[in-house]
Amino acid sequence: MDTGLVFFLIQVLNGVQLGLLLFLVASGLTLIFGIMGIINLAHGSFYMLGAYLAFSLAELCGSFWLSLLIAVPLTVLIGLALEAALFRLLYTRDHLYQVLLTYGLILVFEELRSLIFGDDVHGVAVPGFLEASIPLTDTLSYPVYRLFMSAVCLAIAGGLALLIRRTRLGMTIRAGAVNREMVQSLGIDIGLVYRFVFALGVALAAFAGMIAAPVASVFPGMGNQILIVSFVVVVIGGIGSIKGAFLGALLIGLADTFGQVYAPAIAGMTVYVLMAAVLLWRPAGLFGRAGS
Amino acid sequence: MTRRTRKPSRRAVLAGLGASLGAGAAASFLPARIAIGQPAKIKLGLMLPYTGTYAALGKNIDEALRLAIAEAGGKLGGREVEYVVLDDESEPAKGAENANKLVARDKVDFLIGTVHSGVAMAMVKVATDNDTMLLIPNAGVDAATGAACAPNIFRTSFSNWQPGFAMGKVAAARGQKRALAVSWDYAAGHESINGFKEGFASGGGKVETELVLPFPQVEFQAILTQIAAIKPEVVYTFFAGGGAVKFVKDYAAAGLKATVPLVGAGFLTDGTLEAQGEAAQGLETTLHYADGLDLPKDKSFRAAFRKAAGRDADVYAVQGYDTGQLLAAGLAAVKGDTGARQALVAAMEKAEIDSPRGKFTLSKAHNPVQDLYLRRVERLENKVVSVAVKALADPARGCKMA
C-alpha cells in the first residue's frame, strides 16, 4: 500500500477525531447561545471543570468509569445552580452584560481551580482495557482510546439530533428559540426549558473535558484554548444549529490538522482564515438563521 | 417648595483649602521611616507567575529564594529585606507595564523574575532603560545574556541553548546522524533546537526536519503521524508543562516510543512525571539539575525546602535558591551598599555559587557556566546517568561584554 496514501488517511482520521471532540464542546455552546441567546464565555471553564473532576474523582475512587458516573450528575447540578443563581438574570439583558458576567465567571473559576486543585499539571490514566494501540504502520499505532472517544462523540451527536428533532422537548426548545413569548402564552413554562438546556450545555462541555482528560492533560488555563475554537465552530456552523456545529467542528478539525502538515508557518491562522471564508460565503454560518 | 441649600461661603472654601495644603506640606516633612537610626530595607521586586500555567514554578522560585535569604540570617549585607510581589501571569503584553510598576512606583533595588521568556525580555528592556539590577531565576531566552546582555543583568538558571547543545553532543557521541526536532513555534523552542543542532553537528549529524506548532497548542496527532512517516534516528523535543505531559503520553500511545527514540531538554520530564506515568519511563533528557546527585549541598537543600515549603524541590526551586545566594554574596561584599553598583556587579561576577546542582560560576555575559547532566526517567525521578557536558558556557552571541 502506498505509504503516502496511508499517512494521508491517518491524518484524515486525526482531523476527524479532533473535530468530533470539538463538536462535543461546541454543541453545548451553540445550544446555550442559540436557544437561550446567552453568550457564555465561561464555557471553557466548564470543560476545565469536567477535566478536573475526572482527575480528582478518578484519584479518589480509583475507577475512571465510576468517576464519570458521579461527575456527570454533579456537573448537571452545578449547571442548574449556576442558572438559578446567575444566568437567569441574563435572559432579557443585552449581550454585553452576558459577556461581562461570564468573563467574571472565568476569572472566578480559575481562582477556585487554583485554590482547590493547585496549579500543577496532572494526567488521568486511560482506563485499563482501552489502553491498547492498533498498529497502523510499522512505526505508528493508533490509540484505541481515541477511537472510543470518537465513538462516544458520534453517539452523543446522534442523541442530540434525536432529542432536538424527534422529541416533544426538542420541539419546545426549537420553538422557544424562535419565539419565547409565544411559547409562554401557550402555557409552557419556558423557564423550565431554559433550565434544562443550560444544564445540558454545561454537562456536554464538562463531559467533553472528562473523556478528553486521559489524552489531554489537566492543567491551568486549559479551558481558554478550547473556548476560542468552540466559538469559531459555533460561528461557522451557525448559531443554534447542532448540525452546523457538527459540520463546523469537522471542518475545523481537518483544517487544523492539515494546516499543521502542509502549512506549518501559518498553522495558527488556518482556523480563522477558514472562518473568514465561510462567513464571506454565508454570513449567518453554514446553517444559521439569517437575521436571528 | 424650594429648598435652600447653604452654599459654603468663599471664605470657608479658601480656609479649608489652605488648611489641607498646610497639612499636606507638614506631612511631607515627616520622615518616611519613623524608626531613627535603622538603614532602609533592601527592596526585592519579585515579578513571577503566581497564577496560570507556570504558577507552580513561580511559587517554587519564590519560596526557595526566601529560604536562601533566611539561611543567610534574613538579611542581605547586614540590611533587612522587604519583598514586593507582583503576579506577572506569564503575560508578555503586560510585562513592561508590570516591570515599570516595580521599578518606578515601588522603587525596588533588585528586579527579580521571571519564568516566561517573553515577559523576561520585557523586564530586560525596563531594567536596561532604568539601569535597575535584574536577576533572572528561570527564563532561558538566549538574548538576555546574549544580544541584550548588560552589567546589571544576571541569570542563575540556564540559556535555552545549553540543554539543547548538551543533548546534541550526547546524540552525536552515539553515532546518530539523522534527527528530527519538534517544539512550539516560539523563541524558547527555536533556541533549544538550535542548541541541539550545533551539538549534533559536532558528530556530523543533521537535523533533517523541524516540526513546529503554534504555542500553546497541544494537538500533536498530525505531527506524530509525520514523525512516523519520516522515521528519523532520534527525535529531539522541547516542551514544558501541560504540553510536555501530553506530548510524552501521545508519543507513547502512538507506539513511537518503541520505534523512534525520543530525547529532549529536561523540562520535558521535570514536574510532569506523575502525570506522564508509564509513558515517560526510560526517557533521556539533559538539564543542569537531576535527581540522585551525590552532593551534600543538594541533600541539605532538598531537606530544607521540603521543611519550608512542604513539597519536593525541583530545578526551579534550585534556581530561585541560587538567586538568593547570588544576592547574598554580592551584597555581603559591598556590605549592603546598593549604591556601590560597580563593586556590587564585580562581586556578583566573581561569585562561585555553591548550588544544589553543583558549584557554578558566571560567564562574562552573566549566565551560569555549569555541568549539564544526562538523566533518565526511573519511576518518578530524573536519575542522573552521567555528566553530558562539563562546565558548559553559553556562547553569548551578540553580547558586547563577552
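Residues numbered from 1 in each chain as written. Chains lettered and ligands numbered in written order. Predicted model: local features only at pLDDT ≥ 70, side-chain atom pairs only at ≥ 80, totals over all residues.

In this section: the overall build of chain B. Counting its secondary structure elements, chain B contains 13 helices and 15 strands. In terms of overall dimensions, chain B has a C-alpha envelope of 90 × 65 × 40 Å along the principal axes. For chain B, long-range pairs separated by at least 24 residues make up 72% of all intrachain contacts whose partners lie at least 6 apart in sequence. (Helix = DSSP H or I, 4+ residues; strand = E, 2+ residues; numbered from the N terminus. Contact = placed C-beta atoms within 7 Å.)

Helices and strands together make up the secondary structure of chain A, namely 11 helices and two strands. The linear arrangement of helices and strands in chain A, starting from the amino end, is α-α-α-α-β-β-α-α-α-α-α-α-α. Here the C-alpha radius of gyration of chain A, 19 Å, is about what a compact globule of 292 residues would show, namely 19 Å. Each principal axis of the C-alpha atoms in chain A carries an extent, and together these give about 65 × 50 × 35 Å. Looking at the 292 residues of chain A, the share that counts as buried comes to 48%. (Rg over C-alpha atoms; globule rule 2.2 N^0.38 Å. Buried ≥ 20, exposed ≤ 12 C-beta atoms within 10 Å, placed from the backbone.)

Okay, the packing of helix α9 (residues 222–237) of chain A against helix α11 (residues 267–281) of chain A next. Residue and element names in this part refer to chain A. Running from N to C, α9 and α11 point in directions that differ by 20°, and their axes come no closer than 10 Å. By the angle class used here, α9 and α11 are roughly parallel. Note on packing geometry: the crossing formed by α9 with α11 is left-handed. When α9 is examined against α11, the residues V229, V232, V235 and I236 are found in contact with a partner set consisting of V271, Y272, M275 and V278. (Axes fitted to C-alpha atoms, helices over the stretch in contact; angles between N-to-C directions. Parallel < 35°, antiparallel > 145°, perpendicular 65-115°, else oblique. Left-handed = near helix turned anticlockwise from the far one by under 90°.)

Glycine aside, residues mostly have negative phi angles, and peptide bonds mostly take the trans form. Residues and elements named next belong to chain B. Backbone torsion omega between G113 and T114 reads -5°, so that peptide bond is classified as cis. For K107, which is not a glycine, the phi torsion comes out positive at approximately 50°. Summarising the element assignment, K107 is placed in the loop between α3 (92–105) and β4 (110–112). Overall, the presence of 11 C-beta atoms within 10 Å leaves K107 in the exposed class.

Our focus in this paragraph is the confidence of the model for chain B. Any residue range with low pLDDT should be treated as having predicted coordinates unsuitable for detailed reading. Residues and elements named next belong to chain B. The pLDDT averaged across chain B works out to 90; a share of 92% of its residues lies at or above 70. Taken as a whole, residues 31–35 scores under 50 in pLDDT and shows two contacts with residues more than four places along the chain or in a different chain. Both scores are given for the predicted complex: the pTM is 0.81, the ipTM 0.78. (pLDDT = per-residue confidence, 0-100.)

Turning to the interface of chain B and chain A, a few remarks are in order. The interface of chain B with chain A comprises 35 residues on the first partner and 34 residues on the second. Of all the secondary structure elements, the ones that give two or more residues to the side of chain B that touches chain A are α2 (55–71), β8 (206–213), α7 (221–230), α8 (241–253), α9 (256–259) and α10 (273–276) of chain B. Considering every element that reaches the side of chain B that touches chain A, the biggest residue donor is α7 of chain B, with seven residues. Grouping the amino acids of the side of chain B that touches chain A by side-chain chemistry returns 18 nonpolar, 13 polar and four charged. (Nonpolar A, V, L, I, M, F, W, Y, C, P; charged D, E, K, R; others polar.)

Residue and element names in this part refer to chain A. Partitioning chain A into domains gives domain 1 (30–126 + 143–220) and domain 2 (221–287). Counting only elements with at least two residues in the side of domain 1 that touches domain 2, the list comes to α1 (3–36), α2 (43–61) and α5 (144–166). Counting residues per element, the side of domain 1 that touches domain 2 draws most heavily on α2, at six residues. A breakdown of the residues in the side of domain 1 that touches domain 2 according to their chemical character gives 15 nonpolar, five polar and no charged. (Domains from an automatic or database assignment.)

Taken in spatial order, the six strands make up an open sheet running β2-β3-β1-β4-β5-β6 (chain B), and their pairing is mixed. Both outer strands of the open sheet, β2 (75–76) and β6 (153–155) of chain B, are each paired with one neighbouring strand and no more. (Pairing = 2+ DSSP bridges.)

Moving on, we come to the nonpolar core. Judged by nonpolar contacts, the single largest core of 214 residues is most densely connected at A51 of chain A together with L111 and M123 of chain B. Not counting residues up to four positions away in its chain, the partners in contact with L111 of chain B are G45, M47, A99, L102, V103, M123, A127, T132, M133 and L134 of chain B. (Core = buried A, V, L, I, M, F, W, Y, C linked by C-beta atoms within 7 Å.)

Before going further, it helps to spend a moment on the domain arrangement of chain B. Residue and element names in this part refer to chain B. Domain assignment breaks chain B into domain 1 (42–158 + 294–369) and domain 2 (161–287). On a C-alpha basis, the centroid separation for the pair domain 1 and domain 2 is 29 Å. Counting from both sides, the interface comprises 10 residues of domain 1 and, opposite them, 12 residues of domain 2. Grouping the constituent residues of the side of domain 1 that touches domain 2 by class yields five nonpolar, three polar and two charged.

All names here are of chain B. Close contact between α2 and helix α11 (residues 296–309) brings their axes to 10 Å; oriented N to C, the two are set at 110°. For the element pair α2 / α11, the angle class is roughly perpendicular. The chirality of how α2 crosses α11 is right-handed. Residues E63, A64 and L67 of α2 form the contact with α11, whose own contacting residues are A304, F305, A308 and A309. Of the residues in the contact of α2 with α11, the class split is six nonpolar, no polar and one charged.

Turning our attention to the confidence of the model for chain A. Chain-level statistics for chain A give a pLDDT mean of 87 and a share of 98% at 70 or above. Ranking the elements of chain A by mean pLDDT puts helix α6 (residues 168–178) of chain A last with 83 and α5 of chain A first with 92.

With that settled, consider α2 of chain B. Residues and elements named next belong to chain B. Under the 1.5 Å per step criterion, the end-to-end length of α2 is 24 Å for 17 residues, consistent within 8% with the ideal 24 Å. By the criterion of burial, α2 is predominantly enclosed, with 14 of the 17 residues buried. With its phi angle positive at about 95°, G73 sits one or two positions after the end of α2. (Expected span 1.5 Å × (residues − 1).)

The next thing to look at is the pairing of strand β10 (residues 262–265) of chain B. Residues and elements named next belong to chain B. The pairing of strand β9 (residues 234–238) with β10 spans three bridges and is classified as parallel. In the sheet register, T237 faces β10, and the bridge partner there is G264. The pairing of β10 with strand β11 (residues 284–287) spans three bridges and is parallel. The residue of β11 that forms the bridge with A265 is T286.

Moving on to the pairing of strand β13 (residues 358–362) of chain B. Residues and elements named next belong to chain B. Because side chains alternate across β13, one face comprises the buried residues G358, F360 and L362, and the other comprises K359 and T361, none of which is buried. Between the end of strand β12 (residues 352–355) and the start of β13, which pair antiparallel, lie two residues. As defined by bridge partners, β13 adjoins strand β14 (residues 368–378) across two bridges and the pair is classed as antiparallel. Its bridge partner being in β14, T361 is matched across the sheet by V369. Linking two consecutive strands that pair antiparallel, namely β13 and β14, is a turn of five residues; a positive phi of about 75° is found at H366 within it.

Between its first and last C-alpha atoms α11 of chain A spans 22 Å; for 15 residues at 1.5 Å apiece the expected length is 21 Å, and the two agree. Considering only its buried residues, α11 of chain A is in contact with α9 and α10 (242–262) of chain A together with β8 of chain B.

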